[in-house]
Amino acid sequence: MGILAEDVERVRSASPIDVVVGESVGLRRVGSRYVGLCPFHTEKTPSFSVNAELQVFHCFGCQASGDVITFVRETQNLGFREAVELLAGRAGIPLRYDDARTTETA
């Protein structure tokens, strides 16, 4: 069973990437973006960027990138479904499931 695509989008919309990332990465605002040390590799100079307007992250060092669901998946070693369920729980969003698998795209 997969999570309905509409519910996945509701979870993305209700989970501001700067807030979620900021809970595990020290971010500071630089212009319209946030920067910090990448959680995916060791570095001394910040190369990790979060764009709150576009709701995406990108590391210019290791090339890791994605949305809030991808970030939770990668940092907490979860599958797509588990990451969406975790974020839905945080946001208080009930999830609906169908018999077809939800497309696992970022």
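Further up the page is the structure itself.
In this report, we go over the structure that sits alongside the text.

Scoring rules and cut-offs
Along each chain, residues carry numbers from 1 onward, in the same order as the chain's sequence is written. Only residues with pLDDT of at least 70 get local features here, since the model is predicted, and only at 80 or more are side-chain atom pairs given and counted; chain-wide, interface and lining totals rely on the full set of residues. Derived side-chain values reflect all non-hydrogen atoms in the structure, with water molecules and hydrogen atoms excluded from consideration. To form a nonpolar core, buried Ala, Val, Leu, Ile, Met, Phe, Trp, Tyr and Cys residues must be joined to one another through side-chain atoms within 4.5 Å. The buried label goes to any residue with under 20% of its type's maximum accessible area, the exposed label to any with over 50%, and the partly exposed label to all in between, with areas taken from a 1.4 Å probe on protein chains only. Under the DSSP-based scheme used, a helix requires at least four consecutive residues in state H or I and a strand at least two consecutive residues in state E, with every element numbered from the N terminus. To estimate how far a helix should extend, the number of its residues minus one is multiplied by 1.5 Å. In this context, the arc is that of the directions from the helix axis out to the C-beta atoms. Residues are treated as being in contact if the distance between any of their heavy atoms lies within 4.5 Å. For two strands to pair, DSSP has to find at least two bridges joining them.

### Structural notes on the nonpolar core
Next up, step 1: If you look at the biggest cluster of nonpolar residues, it comprises 25 residues, and the most contacted ones within it are Phe-48, Ile-69 and Val-84.
Next up, step 2: Ranked by residues supplied to this core, first place goes to helix α4 (residues 80-91) with five residues.

### So, α4
Next up, step 1: Compared with an ideal rise of 1.5 Å per residue, which puts 12 residues at 16 Å, α4 spans 17 Å between its outermost C-alpha atoms and is within 8% of the ideal.
Next up, step 2: Here α4 has its buried residues at Phe-80, Ala-83, Val-84, Leu-87 and Ala-88. Axial view of α4: buried residues confined to an arc of 130 degrees, hence all on one face.
Next up, step 3: Looking at the buried side of α4, the elements it contacts are β1 (2-3), α1 (5-13), α2 (17-22) and α3 (68-76).

### Examining the sheet that holds strand β3 (residues 33-36)
Next up, step 1: Pairing is antiparallel across the open sheet formed by five strands, whose spatial order is β2-β3-β4-β5-β6. The open sheet terminates on both sides in strands that have one partner only, identified here as β2 (28-30) and β6 (65-66).
Next up, step 2: Pairing analysis gives two bridges linking strand β5 (residues 56-59) to β6, with the strands arranged antiparallel. Residue pairing in the sheet places Phe-57 in a bridge with Gly-66 of β6.

### Quick notes on the environment of Pro-39
Next up, step 1: You can see Pro-39 is positioned in the loop between β3 and β4 (48-51).
Next up, step 2: Pro-39 gets classed as partly exposed once you look at its relative accessible area, which sits at 37%.
Next up, step 3: With 16 residues separating them along the chain, Pro-39 and Gln-55 place their C-alpha atoms 17 Å apart.
Next up, step 4: Not counting chain neighbours up to four residues away, the residues in contact with Pro-39 comprise Val-25, Phe-48, Phe-71 and Thr-75.

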